[in-house]
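What follows is each chain in one-letter form.
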Amino acid sequence: AQSVSQHNHHVILSEAASLELGCNYSYGGTVNLFWYVQYPGQHLQLLLKYFSGDPLVKGIKGFEAEFIKSKFSFNLRKPSVQWSDTAEYFCAVNAGSGNTPLVFGKGTRLSVIA
Amino acid sequence: DVKVTQSSRYLVKRTGEKVFLECVQDMDHENMFWYRQDPGLGLRLIYFSYDVKMKEKGDIPEGYSVSREKKERFSLILESASTNQTSMYLCASSYGLYNSPLHFGNGTRLTVT
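Below you will find a few notes about this structure. (Residues numbered from 1 in each chain as written. Chains lettered and ligands numbered in written order. Predicted model: local features only at pLDDT ≥ 70, side-chain atom pairs only at ≥ 80, totals over all residues. Heavy atoms only, no water.)

1. Description of the interface of chain B and chain A
With 23 residues of chain B at the interface, the matching set in chain A holds 24 residues. At the boundary of chain B with chain A, the tally comes to zero salt bridges. Our enumeration of links across chain B and chain A arrives at four residue pairs in polar contact (both at pLDDT 80 or more). Only β5 (31-38) and β6 (42-49) of chain B provide two or more residues apiece to the side of chain B that touches chain A. In the side of chain B that touches chain A, the residues fall into 13 nonpolar, nine polar and one charged. (Contact = heavy atoms within 4.5 Å. Salt bridge = Lys/Arg side-chain N within 4 Å of Asp/Glu carboxyl O. Polar contact = N/O pair within 3.5 Å; in protein donor to acceptor, adjacent residues only side chain to side chain. Helix = DSSP H or I, 4+ residues; strand = E, 2+ residues; numbered from the N terminus. Nonpolar A, V, L, I, M, F, W, Y, C, P; charged D, E, K, R; others polar.)

Okay, here's the thing in structure tokens:
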């Protein structure tokens, strides 16, 4: 069965600091990879996704993620965080072939302080 | 814009009650899902459906059932609510493609006392 590991439970950063959130998955075949964000009091929304092509994908609000197949990783990055990036971030994966449900990681809570 | 509407934002029920959580999507999506979200555990899949009258168990189906009589509506049923079912319940929908992203509702926070 697929699984997703997010290494950091809670990350605290100052504004303008760089961000990298780790995500590793366990699945040997082709995968589709997603990052979702949940701002306080809001529903989960898609940040970015990867399913083929350029392994460096760009999403909304200046976020990007890099798919490294050899490391089974899909880390999320942002060069300079803002207070408004305070949220919970979820990595998710499903098999690349077939219509299988997404498996989510346990989430990383990001707190950005002024 | 896709809209996934969950009928209740907050619910308080007593142990043993039968509970219905309703979810409606307006984008003609084939797929619909029910997750529960608990602190430190992320999102865990309860049930999903790829078509009307079709349902599949997810990772934690025990104590739950679902109904999908119409394409746009997917209901989660707690046959006899228990305190360990106190949680945030999230409904989501997507097109029937393997890489189609999920669209989530705002969630229903259920408390079972």
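2. Some details on unusual backbone geometry
Residue and element names in this part refer to chain A. At Ala 16, a residue that is not glycine, the phi angle is positive and equals roughly 80°. Examined against the element boundaries, Ala 16 turns out to sit in the loop between β2 (10-14) and β3 (19-21). Assessed through its relative accessible area of 54%, Ala 16 is described here as exposed. At Phe 72, a position not held by glycine, the phi torsion is positive, near 50°. Here Phe 72 lies in the loop between β8 (64-68) and β9 (73-78). Judged by relative accessible area, which is 34%, Phe 72 ranks as partly exposed. (Buried < 20%, exposed > 50% of the residue type's maximum accessible area, 1.4 Å probe, protein only.)

3. Describing the state of the cysteines
One pass over the full model with this rule turns up two disulfides over all chains. One disulfide bridge connects Cys 23 of chain A with Cys 91 of chain A, the sulfur atoms lying 1.9 Å from each other. Residues Cys 23 of chain A and Cys 91 of chain A share a disulfide whose torsion about the S-S bond is about -65°; that sign makes it left-handed. Of the two residues, Cys 23 of chain A sits in the loop between β3 and β4 (24-26) while Cys 91 of chain A sits in strand β10 (residues 87-95), which places them 68 residues apart along the sequence. When sorted by exposure, Cys 23 of chain A lands in the same class as Cys 91 of chain A, which is buried. The residue that forms a disulfide with Cys 23 of chain B is Cys 91 of chain B, at a sulfur-sulfur distance of 1.9 Å. Looking along the S-S bond of the Cys 23 of chain B-Cys 91 of chain B disulfide, the torsion reads about -80°, which is the left-handed sense. (Disulfide = S-S within 2.5 Å.)

4. Describing the layout of surface pockets
Which parts of space are left empty comes out when a probe the size of a water molecule is rolled across the atoms. Its boundaries defined by the atoms lining it, the largest pocket holds a volume of some 530 Å³. If you trace the largest pocket, you find 26 residues lining it, with Gln 38 and Glu 88 of chain A together with Gln 37, Pro 39 and Arg 109 of chain B closest to the centre. For the lining of the largest pocket, the secondary structure elements donating two or more residues are β10 and β12 (108-113) of chain A together with β5 and β10 (87-94) of chain B. Along the lines of polarity and charge, the residues of the lining of the largest pocket split into nine nonpolar, eleven polar and six charged. (1 Å grid on protein atoms, 1.4 Å probe; cavity = no way out; pocket = protein on both sides within 12 Å on 5 of 7 lines; lining within 4 Å. Points joined across faces, edges and corners; volume = space filled by probe spheres on them.)

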